[in-house]
Amino acid sequence: MQRLPLVLQSQSIQPALIAVLTAIADGCRDIARQINRGALAGVLGAAGAENVQGEQQKKLDVIANDILKSLLLREPTVRALASEEEEAIVPANADGRYLVSFDPLDGSSNIDINSMVGTIFSIYDVPGATPVTEADFLRPGRQQVAAGYVLYGPAVMLVLTTGQGVQMYTLDQHAGEFLLTEARVSIAADTNEFAINMSNQRFWSEPMQHFIGQLLQGKDGPRNKNFNMRWVAAMVADVHRILCRGGLFAYPWDRREPEKPGKLRLMYEANPMALLVERAGGEAWTDSEKILDLQPQHIHQRVPVILGSANEVMACIDAHRPKPFSPN
Ligand code: AHG
Ligand code: MN
Ligand code: MN
């Protein structure tokens, strides 16, 4: 099995980008070690502060952020970074050419129940040599040069796209290396599995309620097949399942808080996952546009997310399209 840097070299990836990806992989290996020691390392529980989004920070949110931040700031090819746990962008090295956005710990509510969590990252090439500003980060997801996540599950896995399909790596805990274990990830176009937080059903738009309602009717409804449901409450784990065996994942728009058009963040959750999903043959949309075509407005922007098996995502998007007027 091939080690991560060798696979990247064989893909002719720029050495500067390999250095950034290696720094992220090293940081995630350290985060995995902290998670693995759990209560023994005193890393569980709340940190006692709120992040910029007004969410309670867990100790591991802060630890994971600090690990990645310090490794990336030391990496000469990194120009600046943005994180879920940092209010503003953090400038790194003036000569660097990459912008890195990340969710240091995704699925924080799973930490204290010893369930799956992850790290999600997105990388852009920075244009020009002027001092970097938040505006440099605000480019459509389609321009990402690499994106991926690390899943801290029964095995620690890195899932990555650099432009040549999607690869999965498994951490060899003894050697401390990510080894290639799936060279070509592909999402089946059809599925009978969906992932959504059903407790929000009454807050969804009418088309979303109607669409999921039809899935729930199973063989007795218009879809004429039974659907199963899964919800891990960590996007990393739910998307990983979809990359492994297909499915529909949605965190749609809901009316709970009018100023939040969705729960998931565009720059470090939706965009990197959308790139992985599209590169694996799936679809990734808000309820009306492809996520990768959105022009970001700010680094902590939230968006509705509907992604996964192509035919099921498109059925969901079609359910949202305005219907032609019919007099009857
Ligand atoms: P984070 O822990 O980084 O804030 O992200 C959690 C997100 C996402 O991973 C997951 O899909 C979703 O929140 C779960 O939300 P609910 O608690 O509403 O199910
Ligand atoms: Mn998250
Ligand atoms: Mn997070």
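Just so it is clear, the model here is predicted, and its values are computed rather than measured.

### Description of the domain arrangement of the protein
1) Next: Here the protein is described as being made up of domain 1 (4-182) and domain 2 (193-320).
2) Next: Taking the mean C-alpha position of each, domain 1 and domain 2 sit 23 Å from one another.
3) Next: The interface is formed by 46 residues belonging to domain 1 together with 33 residues belonging to domain 2.
4) Next: When domain 1 packs against domain 2, close to 3000 Å² is buried across both sides, 61% of that on carbon and sulfur atoms.
5) Next: There are three salt bridges connecting domain 1 and domain 2.
6) Next: Salt-bridge contacts for Glu-278 lead to Arg-142; the nearest nitrogen and oxygen are separated by 3.0 Å.
7) Next: For the pair domain 1 and domain 2, the number of links is 15 residue pairs in polar contact (both at pLDDT 80 or more).
8) Next: Of all elements in the fold, only strand S3 (78-83), strand S5 (98-106), strand S6 (117-125), helix H4 (134-137), strand S7 (146-152) and strand S8 (156-161) reach the threshold of two or more residues within the side of domain 1 that touches domain 2.
9) Next: Here the side of domain 1 that touches domain 2 gets six residues from one element, more than from any other, and that element is S6.

### A closer look at empty space enclosed by the protein
1) Next: A full pass over the atoms with the stated rule returns one cavity of 30 Å³ or more.
2) Next: Reported here for the largest cavity is a volume of approximately 40 Å³.
3) Next: Around the largest cavity, the lining residues are Ser-205, Met-208, Pro-252, Trp-253, Asp-287, Pro-304, Ile-306 and His-320.
4) Next: Its residues assigned to classes, the lining of the largest cavity comprises five nonpolar, two polar and one charged.

### Looking at the nonpolar core
1) Next: Ranked by size, the top nonpolar core spans 43 residues in total, and within it Leu-72, Ile-123 and Tyr-152 carry the most contacts.
2) Next: Take this core: its biggest share by element is eleven residues, from helix H2 (residues 15-37).
3) Next: Other than its neighbours up to four places away in sequence, Ile-123 contacts Leu-17, Val-20, Leu-21, Ile-24, Tyr-98, Leu-99, Val-100, Gln-144, Val-145 and Ala-146.

### A few points about the pairing of strand S1 (residues 46-50)
1) Next: As defined by bridge partners, S1 adjoins strand S2 (residues 56-58) across two bridges and the pair is classed as antiparallel. Paired with Ala-46 across the bridge in S2 is Lys-58.
2) Next: Hairpin connection between S1 and S2: a loop of five residues separates the two successive antiparallel strands, and Gly-54 in this loop has a positive phi of roughly 75°.

### A short note on helix H7 (residues 266-279)
1) Next: Most of H7 is tucked away: twelve of the 14 residues are buried.
2) Next: Within H7, burial applies to Leu-266, Met-267, Tyr-268, Glu-269, Ala-270, Asn-271, Pro-272, Met-273, Ala-274, Leu-275, Leu-276 and Val-277.
3) Next: Downstream of H7 by a residue or two, Gly-281 has a phi angle that is positive, lying close to 95°.

### Here's the deal with the environment of Glu-134
1) Next: Its place among the elements puts Glu-134 in helix H4.
2) Next: Classification of Glu-134 by relative accessible area gives partly exposed; the value is 29%.
3) Next: Residue contacts for Glu-134: discarding those within four places in its chain leaves Ile-89, His-298 and Ile-299.
4) Next: In this structure the side chain of Glu-134 is engaged in a polar contact, spanning 3.0 Å, whose partner is the backbone nitrogen of Ile-299.

### A closer look at the packing of aromatic side chains
1) Next: Tallied over the full model, the rule gives three aromatic pairs.
2) Next: Where Trp-231 meets Tyr-251, the ring centres are 5.9 Å apart and the plane angle is 55°; that geometry is what we call tilted. Of this pair, Trp-231 sits in the loop between strand S12 (228-229) and helix H6 (235-245) while Tyr-251 sits in strand S13 (residues 248-251), placing them 20 residues apart in sequence.
3) Next: Classification of Trp-231 as partly exposed rests on a relative accessible area of 26%.
4) Next: Connected via pairs of aromatic rings, a cluster forms that spans Trp-231, Phe-249 and Tyr-251.

### Notes on unusual backbone geometry
1) Next: In this structure, Ser-12 is a non-glycine residue whose phi angle is positive, near 60°.
2) Next: Topologically, Ser-12 is positioned in the loop between helix H1 (4-10) and H2.
3) Next: Ser-12 gets classed as exposed once you look at its relative accessible area, which sits at 64%.
4) Next: We note that Asn-114 has phi near 55°; this positive angle belongs to a residue other than glycine.
5) Next: Turning to its location among the elements, Asn-114 is positioned in the loop between S5 and S6.

### Considerations on the sheet that holds S12
1) Next: If you trace the five strands from one edge of the open sheet to the other, you get S12-S11-S13-S17-S15, paired in mixed fashion. Of all the strands in the sheet, just S12 and strand S15 (283-285) have a single pairing partner and so form its edges.
2) Next: Against the sheet, helix H8 (residues 310-320) contacts S13, S15 and strand S17 (305-308), and its axis sits at roughly 150° relative to S17.

### What about the state of the cysteines?
1) Next: If you walk through the whole model with that rule in mind, you get zero disulfides.
2) Next: No disulfide involves Cys-28; its sulfur sits 18 Å from that of Cys-244, the nearest cysteine.
3) Next: According to the relative accessible area criterion, Cys-244 is partly exposed, its value standing at 49%.

Conventions adopted
Residues numbered from 1 in each chain as written. Chains lettered and ligands numbered in written order. Predicted model: local features only at pLDDT ≥ 70, side-chain atom pairs only at ≥ 80, totals over all residues. Heavy atoms only, no water. Domains from an automatic or database assignment. Contact = heavy atoms within 4.5 Å. Buried area = accessible area lost by both parts, 1.4 Å probe. Salt bridge = Lys/Arg side-chain N within 4 Å of Asp/Glu carboxyl O. Polar contact = N/O pair within 3.5 Å; in protein donor to acceptor, adjacent residues only side chain to side chain. Helix = DSSP H or I, 4+ residues; strand = E, 2+ residues; numbered from the N terminus. 1 Å grid on protein atoms, 1.4 Å probe; cavity = no way out; pocket = protein on both sides within 12 Å on 5 of 7 lines; lining within 4 Å. Points joined across faces, edges and corners; volume = space filled by probe spheres on them. Nonpolar A, V, L, I, M, F, W, Y, C, P; charged D, E, K, R; others polar. Core = buried A, V, L, I, M, F, W, Y, C linked by side-chain atoms within 4.5 Å. Buried < 20%, exposed > 50% of the residue type's maximum accessible area, 1.4 Å probe, protein only. Pairing = 2+ DSSP bridges. Phe/Tyr/Trp six-rings, centres within 6.5 Å; stacked < 30°, edge-to-face > 60°. Axes fitted to C-alpha atoms, helices over the stretch in contact; angles between N-to-C directions. Disulfide = S-S within 2.5 Å.

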